[in-house]
Structures are given as structure tokens and as C-alpha cells.
Amino acid sequence: MAALDGLRILDMTQYEAGTSCTQCLAWLGADVVKVEPPGTGDPGRNLIDDNDEYFYVWNSNKRSIALDLRKPRGRGLLLEMAAGYDVFVENYGPGVIEKLDIGYDTVRAVKPDIIYARIKGFGLDGPWADYKSYDMVAQAAAGAFSITGNADGPPMRPGPTTGDAGTGVQMALAISAAYVQKLKTGKGQYIELSMQEAMTYYLRTAASRTRYGKRPTRRVGAEELPTMSLYPCKGGGPNDYVYLMAVTPRMWGALCVVLGRPDLEDDPQFVSPQLRAKNDQALRDRITAWTLARDKFEAMRELAEGGVPASAVLDTRDLYENEHLIERGFIREIEHPRHGKVRLLGWPARMSESSVPVQPAPLLGQHSKDVLTEDLGLDRSELETLMRDGVIGEPTEPAAPVHERT
């Protein structure tokens, strides 16, 4: 059986911070029902150039119901449904849930043991509570920009969306813990998570260089030391690089052997970490001459097999074609309703007693009839009336993107 089999989640999320949370739980076996507005759906469905790939990679293994919560009947149906769920998750902008009048007290009135989870950019109190946020705003507010980039350059936007997905994973952990507690005590609870605060979790190593907050951590780019650095490889493409980290005396010796220069280990210029830093360029020149004679995967293999931690710089296309990830079954192929067979990155946790097959992300409103029939026992005529009145929507491709729901 799946680890979270039996856990039911009302997914009131959009974009990524919330959807990544509910996707984690769906991949662990929870029944996740995503509630979306008819016609437009989650604005993430068409976020990038009318392309559904962004939505697709964050919403697999969910069901979708298209429900207009601005209509009294739509709001009423949601609250009726809530009585049959364990968790309610939302990450709308500040004040939206309050306008819809589906806050914690309202939902708890129909489901006293509900786990009610909220993700907000800056939390629900404090001077920044009403400020809107997206991933990179949260990263800037948490310090990630300040430590990214070259030492002599400006702060730089990090590549991964840790402000969103990193927050989502933390909320998924909190919900799982709350569910375990609920199974023991019978009590639900209220969970609030600030994206700014969640993002600081990934800054802790960098923050450990601040003398407990007395000074800022400096930017070092990808070239902190010549033995912890990025090197160009044969091919000359934008990602034809290898990154190596020879951080112990044994690794330094191994690096010298791999380079075919075991004499460098005892060379007076490089015999200590301090001297290797002092004679930085001379050592870089020797390593660069070696890496330029190999492509990035050859360089990685020789370094790694020689005992030096290293990796080729994989670009996002490389990930889908990487023989290691393919052999481990991490790259999943599923059927897309418009594009046929597509590849998705998988779920990294491997559990010996829990396995959940990857299911495609739903069409907007794909499961409206099924969910309302299962949860509330609505018959065909009632469903047809609700559709005619615009309370629920039929399965459809979403309309033009709407990037903010208020």
C-alpha cells in the first residue's frame, strides 16, 4: 500500500509553493483533489507562453474539480466537501481566503479535526504580512541573492525555485507530522508557513559564516578555491564544465594523481591549502589544461573514479537523457493528452513498503462529476444544473492565463 493511503486533501493551491506541497503528498499516496476556478484554472496552467508544461510537472497524481467559489452554491459545495477531508491547503495571495470566507474557523465548523495549512510569502502577521510574494521575492528576502554571484559582481538570482518548492516540501513535512499527531490524538490543527522563513532553512550553511549574524556572508561564485571550483571542458558549450571539490589532504593527493602530476602534492607552491590559495592561478592553469582535453563527462568519470568528488555541469536537457537517472528509473514516461508520451522527473524518495505510480496532471475540471458524486452523492440532474449555472465546469483546456486571483 502507499504510505499516505487514506489521507484526503483539499488542494486550494496555485503556481508552485502550494502545488509542490500537495504533489509531494500525492506521490506518497494521498488522495489530492485540486479545486480550481472554471474557465481559467490554476494560473500556473498557462504561465509560460501558453504552455502547460509548468503546470504538468507540479500537478501529477491529483484530481481536478472546477468550482466557482465566488458563487454561494460553489462555496457551499466546498464546505460540504470539506467534511470528508483531512487536510485543507491554500497559498492564495494575502486576504483572498478571507474574501471567500473559507478561513480556518469556517472550515473547522464543518470539520472539527481539519488540518488547515496556509503558505504565505511573509506569514500572516508582522509589518510585511500584506506584501505579495513569488519564489524569487522570497529568495531575495531570505538572503539567497546576496550569496549568489561572483565576489566582485552584483547579487544574482539563483536558478532553482527553492523559495517555492522548498517551502512546499517543508509544508508537506509539517502536514505529515500533523496527520501523525491527529491519528494519535484525534485533533487537527492550524499550520502557517512563511516562504521567507522557509527559504532561510537553505541558507543555514551560508549563515554559519556570519559570526551569529554579526557580518554578511560574502559571495564567492563558483571559484572559491582552485581545489573547489568550476573548470571548462572540451566542447566549449555554455555548460561544458566540470565542478570538483578536493577538500581533504587525501582528495588533494588523489587530484594530483588523476591529473597525472603526483609531484604537485609536495610541490612547495601547493603543499598546503594556504599556499594553494596563494598560488591560485598557477594551480588553476594546470587543472584547466587537463579538463580542456576531456569532455565534461570524461572529466567527471576520471575524477570520481580517482576519488575526487566531481560532477559534470548537467543542463536541464542532460537531466532527461542522463544514463544514471534513466537506469535508476527516475525519469518517468507518461501519456499526455495533447503531446503523447512525455518524460517527467520522478519523486526522489524510494520506500521499500510504499509505491505510487505516476499519473498525469489533470485537465481543468476533469474529475468534477466524479468527486461531487463520490463526496456528496449528487445525481446527474443536480450536476447538470450546477454546470448550467456556472457553479462547476466540465473538463476543458483552460482559457487565456490569469496570473493573479483575488
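Sequence positions are assigned chain by chain, starting from 1 and proceeding in written order. With pLDDT at 70 or above as the cut-off, local features in this predicted model cover only qualifying residues; side-chain atom pairs require 80 or more to be listed or tallied, and sums for whole chains, interfaces and linings still use all residues. The basis for every side-chain value is the complete set of heavy atoms in the structure, and neither hydrogens nor water enter the calculation.

Within the secondary structure, N91 is located in the loop between β4 (87-90) and α4 (96-100). Polar contacts, as used here, are pairs of N or O atoms within 3.5 Å; protein pairs need one atom able to donate a hydrogen and one able to accept it. Residues neighboring in sequence count only if both atoms are side-chain atoms. Separated by 2.9 Å, the side chain of N91 and the backbone nitrogen of Q14 make a polar contact. Those residues in contact with N91 that sit more than four places away from it in its chain are M12, T13, Q14, A17, G18, I119 and K120. Secondary structure elements follow DSSP: runs of H or I no shorter than four residues count as helices, runs of E no shorter than two count as strands, and numbering proceeds from the N terminus. Working rule for contacts: check all heavy atoms of both residues, and any pair within 4.5 Å makes them a contact.

This part is about the sheet that holds strand β3 (residues 63-66). Pairing between two strands requires that DSSP report at least two bridges joining them. Strand order in this open sheet of six strands is β3-β2-β1-β4-β5-β6, and the pairing throughout is parallel. With partners counted over all chains shown, the strands left at the sheet margins are β3 and β6 (189-194), one partner each. For this sheet, the mean angle separating the axes of adjacent strands, direction not counted, is 20 degrees. In the sheet, strand β1 (residues 8-12) pairs with β4 via four bridges, with the strands oriented parallel. In the sheet register, M12 faces β4, and the bridge partner there is E90. Running at roughly 90 degrees to β3, helix α16 (residues 368-376) makes contact with β1, β2 (31-36) and β3 of the sheet. To obtain an axis, a line is fitted to C-alpha atoms, over the contacting stretch when the element is a helix, and the angle between two such axes runs from 0 to 180 degrees between their N-to-C directions.

With that settled, consider the confidence of the model for the protein chain. Every residue is assigned a pLDDT by the predictor, reflecting its confidence on a scale from 0 to 100. When the pLDDT values of the protein chain are averaged, the result is 93; 97% of them are 70 or greater. Every residue in residues 399-406 is under pLDDT 50, and counting partners more than four places away or in other chains gives 22 contacts.

Before going further, it helps to examine the packing of aromatic side chains. Two rings from Phe, Tyr or Trp (for Trp, the six-membered ring) form a pair when their centres sit within 6.5 Å of each other. Planes less than 30 degrees apart are called stacked, planes more than 60 degrees apart edge-to-face, and all others tilted. One pass over the structure, following the stated rule, counts 10 aromatic pairs. Pairing Y15 with Y134 gives two aromatic rings, centres 5.4 Å apart and planes at 75 degrees, and the pair type is edge-to-face. Of this pair, Y15 sits in the loop between β1 and α1 (17-27) while Y134 sits in the loop between β5 (115-120) and α6 (135-142); the two residues are 119 residues apart in sequence, bridging distant segments of the chain. Exposure categories follow from relative accessible area, calculated using a 1.4 Å probe and restricted to protein chains: below 20% of the type maximum is buried, above 50% is exposed, and the middle band is partly exposed. The buried category is assigned to Y15, whose relative accessible area is 11%. Exposure remark for Y134: the relative accessible area of 44% places this residue in the partly exposed category. Note on W27 and W347: the rings are 5.5 Å apart at their centroids and 50 degrees apart in plane angle, and the pair reads as tilted.

Quick look at the side chain of S194 now. Assignment of secondary structure puts S194 in strand β6. One polar contact links the side chain of S194 to the main-chain amide nitrogen of Q196, over a distance of 3.3 Å. Polar contacts involving the side chain of S194 include one to the main-chain amide nitrogen of E197, which spans 3.1 Å. Look past the residues within four positions of S194 in its chain and what remains in contact with it is K120, G121, F122 and G123.

Moving on, we get to the pairing of β2. Among the six residues in β2, five count as buried, and that is most of the element. In the sheet, β1 pairs with β2 via four bridges, with the strands oriented parallel. Among the inter-strand pairings, I9 is bridged to a residue of β2, identified as V32. For the crossover from β1 across α1 to β2, the handedness is right-handed. With four bridges connecting them, β2 and β3 associate as parallel partners. Of the residues in β3, the one forming a bridge with V35 is I65. If you view a crossover with the strands going away from you and the path from the first strand over the helix to the second runs clockwise, you call it right-handed.

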